[in-house]
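Examining the three-dimensional arrangement
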Amino acid sequence: MIRTDILQLAWVRDAALSGTARQARTEAHLTLSEIAELCEVDPSTVWRWEQGMRAPRGEAALRYARVLQALACRDVLGTAA
């Protein structure tokens with residue numbers, strides 16, 4: 001695993017645990033199923049991440065981080081609905 005992946009994992013785990021990830025998803029009007037599809041995981045997995053029951057891990061966590069970062073960029077660029 002490369003350094004940027006480790007930093008991404010730390011960031012996405014913090015976002016999930018702090019509620020930032022759920023907030024970003026709900027503000028973007030995305031369902032658990034939609035995020036799960038993008039991350040290639042089951043919706044229950046995303047739910048567990050958002051509830052702090054499990055920490056995002058591996059490639060799925062990196063995909064989750066990319067989705068959340070895309071949502072953040074969307075907000076910064078003023079393209080939020």
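Computed from a predicted structure; not experimentally measured. (Residues numbered from 1 in each chain as written. Predicted model: local features only at pLDDT ≥ 70, side-chain atom pairs only at ≥ 80, totals over all residues. Heavy atoms only, no water.)

1. Some remarks on the overall build of the chain
The secondary structure content of the chain amounts to five helices and zero strands. The linear arrangement of helices and strands in the chain, starting from the amino end, is α-α-α-α-α. Within the chain, the proportion of its 81 residues that are buried is 30%. Put simply, of all contacts in the chain between residues at least 6 apart along the chain, 60% involve residues at least 24 apart. With the model as given, the accessible surface of the chain reaches about 5200 Å², and the carbon-plus-sulfur share is 54%. Within the chain, the 10 negative side-chain charges are centred at a point lying 6 Å from the centre of the 10 positive side-chain charges. (Helix = DSSP H or I, 4+ residues; strand = E, 2+ residues; numbered from the N terminus. Buried < 20%, exposed > 50% of the residue type's maximum accessible area, 1.4 Å probe, protein only. Contact = heavy atoms within 4.5 Å. Areas by Shrake-Rupley, 256 points an atom, 1.4 Å probe, with all protein chains shown as cover. Lys, Arg positive; Asp, Glu negative; His and termini not counted. Charge placed at Lys NZ, Arg CZ, Asp CG, Glu CD.)

2. Considering the packing of helix H3 (residues 32–39) against helix H4 (residues 43–51)
The N-to-C vectors of H3 and H4 enclose an angle of 105°; their axes lie 8 Å apart at closest approach. On the basis of the axis angle, H3 is roughly perpendicular to H4. In this structure, H3 uses Leu 32, Ser 33, Ile 35 and Ala 36 to contact H4, whose residues at the interface are Pro 43, Val 46, Trp 47 and Glu 50. A class-by-class count of the residues in the contact of H3 with H4 yields six nonpolar, one polar and one charged. (Axes fitted to C-alpha atoms, helices over the stretch in contact; angles between N-to-C directions. Parallel < 35°, antiparallel > 145°, perpendicular 65-115°, else oblique. Nonpolar A, V, L, I, M, F, W, Y, C, P; charged D, E, K, R; others polar.)

3. A look at the pattern of salt bridges
This structure, assessed with the given rule, holds one salt bridge. We note a salt bridge from Glu 50 to Arg 25, for which the minimum N-O separation is 2.7 Å. In this pair, Glu 50 sits in helix H4 while Arg 25 sits in helix H2 (residues 20–27), placing the two residues 25 residues apart along the sequence. A single burial state applies to Glu 50 and to Arg 25, both of which are buried. (Salt bridge = Lys/Arg side-chain N within 4 Å of Asp/Glu carboxyl O.)

4. Focus on the nonpolar core
Soluble globular proteins tend to pack their nonpolar side chains together in the buried interior. Among the nonpolar cores identified, the biggest contains 20 residues, and Val 12, Ile 35, Val 46, Trp 49, Tyr 64 and Leu 68 are the most heavily contacted of them. Of all elements in the fold, only helix H1 (3–18), H2, H3, H4 and helix H5 (58–76) reach the threshold of two or more residues within this core. Per-element tally for this core: the top contributor is H5, with eight residues. Excluding anything up to four places from it in sequence, Val 12 contacts Pro 56, Ala 61, Tyr 64, Ala 65 and Leu 68. (Core = buried A, V, L, I, M, F, W, Y, C linked by side-chain atoms within 4.5 Å.)

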